[in-house]
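What follows is each chain in one-letter form.
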Amino acid sequence: MREVDVVVLGAGPAGEVAAGRVASRGLEVVIVEDRLVGGECSFWACMPSKALLRPAQALAEVRRVPGAAEAVTGTLDVRAALARRDEVIHDHDDAEQLPWLQERGIGLVRGHGRISGEREVTVDDEVLRARRAVVVAVGTVPALPPVDGLAEARPWTNREATAAGTVPGSLVVLGGGPVGVELGQAFATLGADVTLVEAGERILAREEAFAAELVADGLRAAGVTILEGTEATRVTRDGDGGTVTVELDGREPLRADELLVASGRRQVAGDLGLEAVGLDVDGPLEVGDDLRVAGHDWLYCVGDANGRALLTHVGKEQARVAADVICGRDARLRALDPPPRVTFTDPQVASVGHSLDSAREAGLNVRAVDVPTDGSAGASFHGRGTGGTSRIVVDEDRRVLVGATFVGADVAEWVHAATIAVAGAVPLDVLWHAVPVFPTRSEVWLKLLEAYGL
């Protein structure tokens, strides 16, 4: 048996932040990981998908700017784009992640950890005893919907798609959420003939309707065919690695070289042996705002595994709070709901807090204000025809923002200013004096507040 202060299960972003924060305060920490240090986001999700999207977006911006456009003489180099993706994910080698742990004195145990008793984790034949806490940060894995023949057809998930060594000639994507639209557009810009199938009424169902429409336009411009309100009913594959056939409800079947399933995630906390401490978990592990599991003051859960919001930055925020509580601080989670988020398509969608519909559903007296995203002087430097719409959702009773959505080229960095305004409940009369610099794209804030009537 090895005794330490804290054992962290999972070395993804949330687990790393939890381990690093308690280690910085002098506690002895061991992190347990059965895959790669850095987790899903670093190797199979956030980072490689953005690497696949970026070449076409950079090329599109250059082509919008006179002078630069004339310098473009070739087409996108697919081989170079895939090679750059491989650099970003270090060829699925986590060696470059290890110095970060070593510099902080964090121990690493490779293998699948299971809770075998109070404050106790077993990894193969090694037992780790935690003097203070065990932190569950195991994330989630891709889920396959219950479609007849789907599993047998060996579809891609985000893991296979972001690691693909070649671009298929044709690709069907099941799911029109952020993962589906990002990877669908990425492979279309790399040369695949892509069809995206969404069972709901529209893609990006949790975002503003105008955002979904603008992204759909961007997908179609990239060559993606979108089938909304359409369900897959059966999937077959010809032989070993042959053509995939996707049968649809009410439409002709689709045939493609590959099929990507991007329709959700599955919890894995139930495979951690939690029954040893009286927990019967079939889904997310419920926690309070101190990230503790009820009835177990030594057990914490951060990130996707608690099901609150499946976003890397939210998991990292939870990890910071949990680490503070472990170290004896009076900390509680004050997360925004919905949290800040970005869909990295072209155009991008950057949003935080409520949409107009969700604010009304929450019983708030709200008003939406829209302006063109490219309506400022600074926007002109990003080229002609960038388009897009920006919206703020104002709580009229309190005169504060409860939501914001920006749609346009390269707007991901805009959302943090909106997050500060929403999280801080900054009064509009105060926000009016946060003067944006001329000529920058951040003058969108001036345009929005002027349109509101300030």
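Before reading on, note that the structure itself is shown above.
Computed from a predicted structure; not experimentally measured. (Residues numbered from 1 in each chain as written. Predicted model: local features only at pLDDT ≥ 70, side-chain atom pairs only at ≥ 80, totals over all residues. Heavy atoms only, no water.)

## Structural notes on the overall build of the protein chain
Inference 1: A count of helical and extended segments in the protein chain gives 13 helices and 22 strands.
Inference 2: The C-alpha atoms of the protein chain give 23 Å as radius of gyration, which agrees with the globular expectation for 454 residues (22 Å, within 12%).
Inference 3: The principal-axis extents of the C-alpha atoms in the protein chain amount to approximately 65 × 65 × 45 Å.
Inference 4: The buried share of the protein chain, taken over its 454 residues, is 52%.
Inference 5: A separation of at least 24 residues holds for 63% of the contacts in the protein chain among residues at least 6 apart in sequence.
Inference 6: Here the protein chain displays about 20,200 Å² of accessible surface, and carbon together with sulfur accounts for 48% of that area.
Inference 7: Charge-centre separation for the protein chain: the mean point of 45 positive side chains lies 4 Å from the mean point of 68 negative side chains. (Helix = DSSP H or I, 4+ residues; strand = E, 2+ residues; numbered from the N terminus. Rg over C-alpha atoms; globule rule 2.2 N^0.38 Å. Buried < 20%, exposed > 50% of the residue type's maximum accessible area, 1.4 Å probe, protein only. Contact = heavy atoms within 4.5 Å. Areas by Shrake-Rupley, 256 points an atom, 1.4 Å probe, with all protein chains shown as cover. Lys, Arg positive; Asp, Glu negative; His and termini not counted. Charge placed at Lys NZ, Arg CZ, Asp CG, Glu CD.)

## Re the environment of Thr 389
Inference 1: Following the sequence through the fold, Thr 389 ends up in strand S21 (residues 389-395).
Inference 2: On a C-alpha basis, the gap between Thr 389 and Gly 424 in space is 24 Å, while along the polypeptide they are 35 residues apart.
Inference 3: If sequence neighbours within four positions are ignored, Thr 389 has contacts with Phe 210, Leu 214, Asp 370, Val 371, Thr 373, Thr 405, Phe 406 and Val 407.

## Details of the sheet that holds strand S20 (residues 366-372)
Inference 1: Strand order in the open sheet formed by five strands is S18-S19-S22-S21-S20, and the pairing between neighbours is antiparallel. The sheet is open, and its two borders are formed by strand S18 (341-343) and S20, each paired with just one other strand. Strand-to-strand, the axes of this sheet are offset by a mean angle of 15°, without reference to chain direction.
Inference 2: Strand direction decides the pairing type here: S18 and strand S19 (residues 348-353), joined by three bridges, are antiparallel. (Pairing = 2+ DSSP bridges. Axes fitted to C-alpha atoms, helices over the stretch in contact; angles between N-to-C directions.)

## What to know about the packing of aromatic side chains
Inference 1: In this structure the tally under the stated criterion is four aromatic pairs.
Inference 2: Ring plane angle 55° and centroid distance 5.9 Å describe the contact between Phe 43 and Trp 44, whose orientation is recorded as tilted. Considered together, Phe 43 and Trp 44 belong to a single accessibility category, that of buried residues.
Inference 3: Counting every residue linked through ring pairs, the aromatic cluster contains Phe 406, Trp 414 and Trp 445.
Inference 4: For Arg 35, the ring lying beneath its charged end belongs to Trp 44, and the centroid distance is 4.3 Å. (Phe/Tyr/Trp six-rings, centres within 6.5 Å; stacked < 30°, edge-to-face > 60°. Lys NZ or Arg CZ within 6 Å of the ring centre and 35° of its normal.)

## Remarks on the environment of Glu 126
Inference 1: Structurally, Glu 126 is set in strand S6 (residues 126-136).
Inference 2: Since its relative accessible area comes to 27%, Glu 126 is described here as partly exposed.
Inference 3: Sequence-wise, Glu 126 and Gln 348 are 222 residues apart; in three dimensions their C-alpha atoms are separated by 46 Å.
Inference 4: Setting aside residues no more than four positions away along its own chain, Glu 126 makes contact with Arg 2, Val 109 and Val 121.

## As for helix H9 (residues 312-326)
Inference 1: Between its first and last C-alpha atoms H9 spans 21 Å; for 15 residues at 1.5 Å apiece the expected length is 21 Å, and the two agree.
Inference 2: Taken residue by residue, H9 has Val 314, Gly 315, Gln 318, Ala 319, Val 321, Ala 322, Ala 323, Asp 324, Val 325 and Ile 326 as its buried positions.
Inference 3: Here the buried face of H9 lies against strand S1 (2-9), helix H1 (13-23), S6, strand S16 (292-293) and strand S17 (296-301).
Inference 4: One or two positions beyond H9, positive phi appears at Gly 328, with a value near 95°. (Expected span 1.5 Å × (residues − 1).)

## A closer look at the sheet that holds strand S13 (residues 251-256)
Inference 1: What the three strands build is an open sheet, ordered S11-S12-S13; its pairing is antiparallel. Bordering the open sheet on either side are strand S11 (232-237) and S13, each of which pairs with just one other strand. Neighbour-to-neighbour, the strand axes of the sheet open up by a mean angle of 15°, direction not taken into account.
Inference 2: The pairing of S11 with strand S12 (residues 244-248) spans five bridges and is antiparallel. For Arg 234, the partnering residue across the bridge sits in S12 and is Glu 247.

## Observations concerning the pattern of salt bridges
Inference 1: The tally for this structure, following the rule as stated, stands at 29 salt bridges.
Inference 2: In this structure, Glu 258 engages Arg 237 in a salt bridge whose closest nitrogen and oxygen atoms are separated by 3.2 Å. With Glu 258 in strand S14 (residues 258-261) and Arg 237 in strand S11, the pair connects residues that are 21 residues apart, well separated along the chain. For the pair shown, Glu 258 and Arg 237 are each scored as buried.
Inference 3: Three or more residues joined by partner-sharing salt bridges are found here, namely Glu 3, Asp 5, Glu 28 and Arg 131. (Salt bridge = Lys/Arg side-chain N within 4 Å of Asp/Glu carboxyl O.)

## Digging into the side chain of Arg 119
Inference 1: The residue Arg 119 is located in the loop between strand S4 (113-117) and strand S5 (120-123) in this model.
Inference 2: Owing to a relative accessible area of 18%, Arg 119 belongs among the buried residues under this scheme.
Inference 3: Separated by 2.7 Å, the side chains of Arg 119 and Glu 118 make a polar contact.
Inference 4: Other than its neighbours up to four places away in sequence, Arg 119 contacts Leu 128, Arg 129, Ala 130, Arg 131, Arg 132, Val 134, Asp 297 and Trp 298. (Polar contact = N/O pair within 3.5 Å; in protein donor to acceptor, adjacent residues only side chain to side chain.)

## Brief notes about the packing of helix H3 (residues 46-64) against helix H7 (residues 178-189)
Inference 1: With their axes 9 Å apart at the nearest point, H3 and H7 run at an angle of 50° to one another. By the angle between their directions, the pair H3 and H7 is classed as oblique. Handedness of the crossing formed by H3 with H7: left-handed. Only Glu 182, Leu 183, Gln 185, Ala 186 and Thr 189 of H7 make contact with H3, whose side of the interface consists of Ser 49, Lys 50, Leu 52, Leu 53, Ala 56 and Gln 57. (Parallel < 35°, antiparallel > 145°, perpendicular 65-115°, else oblique. Left-handed = near helix turned anticlockwise from the far one by under 90°.)

## A word on the nonpolar core
Inference 1: Formed by 56 residues in total, the largest nonpolar core has its most connected members in Ile 115, Val 134, Val 136 and Leu 299.
Inference 2: The set of elements that each furnish at least two residues to this core consists of S1, H1, strand S2 (29-33), helix H5 (98-103), S5, S6, S17 and H9.
Inference 3: Those residues in contact with Val 134 that sit more than four places away from it in its chain are Val 7, Leu 9, Ile 115, Arg 119, Glu 120, Val 121, Trp 298, Leu 299 and Tyr 300.
Inference 4: Ranked by size, the runner-up nonpolar core spans 32 residues in total, among them Leu 52, Ala 192, Ala 216 and Leu 260. (Core = buried A, V, L, I, M, F, W, Y, C linked by side-chain atoms within 4.5 Å.)

## Side note on the state of the cysteines
Working definition of a disulfide: a covalent bond connecting the sulfur atoms of two cysteines.
Inference 1: One pass over the full model with this rule turns up one disulfide.
Inference 2: Note that Cys 41 is cross-linked by a disulfide to Cys 46, the S-S spacing being 2.3 Å. With the S-S bond torsion at -125°, the cross-link from Cys 41 to Cys 46 turns out left-handed.
Inference 3: Residue Cys 41 is classed as buried on the basis of its relative accessible area, which comes to 12%.
Inference 4: Lacking any disulfide linkage, Cys 301 is separated from the closest cysteine sulfur, that of Cys 41, by 17 Å.
Inference 5: A disulfide-free cysteine, Cys 327 has its sulfur positioned 18 Å from the sulfur of Cys 301, the nearest such atom. (Disulfide = S-S within 2.5 Å.)

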